[in-house]
Amino acid sequence: MFAKRLKLLRKRRNMSMKEVADHVGVAKSTYAGYESGYRQPTLETIQSIAKKLSTTSDYLLGLTEEFDPAQQNTNAREFLNYTQLHWDGVPLEEEDLQLIRQLLERVVRDRSHTQ
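About the cut-offs
Residues numbered from 1 in each chain as written. Predicted model: local features only at pLDDT ≥ 70, side-chain atom pairs only at ≥ 80, totals over all residues. Heavy atoms only, no water. Phe/Tyr/Trp six-rings, centres within 6.5 Å; stacked < 30°, edge-to-face > 60°. Helix = DSSP H or I, 4+ residues; strand = E, 2+ residues; numbered from the N terminus. Buried < 20%, exposed > 50% of the residue type's maximum accessible area, 1.4 Å probe, protein only. pLDDT = per-residue confidence, 0-100. UniProt positions renumbered as here; feature names shortened; annotations may be inferred. Axes fitted to C-alpha atoms, helices over the stretch in contact; angles between N-to-C directions. Parallel < 35°, antiparallel > 145°, perpendicular 65-115°, else oblique. Contact = heavy atoms within 4.5 Å. Nonpolar A, V, L, I, M, F, W, Y, C, P; charged D, E, K, R; others polar.

Participant: It is not clear to me how the packing of aromatic side chains should be interpreted in this structure. Could you clarify?
Facilitator: The geometry of an aromatic ring pair comes down to the distance between the two centres and the angle between the two planes. In total, this model carries one aromatic pair according to the counting rule given. Aromatic side chains Tyr-31 and Tyr-34 sit 6.1 Å apart centroid to centroid with 75° between the ring planes, which places their arrangement in the edge-to-face category. Placement of the pair is Tyr-31 and Tyr-34 together in helix H3 (residues 28–36), with a separation of three residues, close to one helical turn. Neither residue differs from the other here; Tyr-31 and Tyr-34 are each classed as buried.

Here's what the structure looks like:
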């Protein structure tokens, strides 16, 4: 997934392999290996590539579908519908998420009554 997303996003951003490779500080052939899946970059390199491509490491690694950080969904109601949410590595169960939803609904309801 990483290699495919890397190549697609680089092309979407109209950048050459050499341009990204130079930013990251690797040879063009090394970067080409990242896009082909033959080589695996370090975490620091992934972060550098993400910065150059105006995306997030999470997108490149397949942890999110949002490739443009500016377009990330900030609606808490929709965010709580994502599966595999966690709190500092501790998975949140559906019952946990339901409690969070109820709490937020109450906060919003109370706020609308006071305004």
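Participant: Hey, could you run me through the confidence of the model for the protein in this one?
Facilitator: Predicted coordinates in regions of low pLDDT should not be interpreted in detail. Per-residue pLDDT for the protein averages 87, and the proportion of residues at 70 or more is 94%. No element of the protein has a lower mean pLDDT than helix H6 (residues 76–79), which averages 76, and none a higher one than H3, which averages 96.

Participant: What exactly am I supposed to notice about the UniProt feature "domain: HTH cro/C1-type" (unreviewed entry) in the protein here?
Facilitator: The positions UniProt marks with the feature "domain: HTH cro/C1-type" (unreviewed entry) are residues 6–60. Within the segment residues 6–60, helix and strand shares are 69% and 0% respectively, and the terminal C-alpha atoms sit 6 Å apart.

Participant: How do you make sense of the packing of helix H2 (residues 17–24) against H3 when you look at a structure like this?
Facilitator: Two packed helices can be described by the angle between their axes and the distance between those axes. Their axes nearest at 9 Å, the elements H2 and H3 cross at an angle of 105°. By the angle class used here, H2 and H3 are roughly perpendicular. On H3, the residues touching Met-17, Lys-18, Val-20 and Ala-21 of H2 are Lys-28, Tyr-31, Ala-32 and Glu-35. Its residues placed into classes, the contact of H2 with H3 shows five nonpolar, no polar and three charged.

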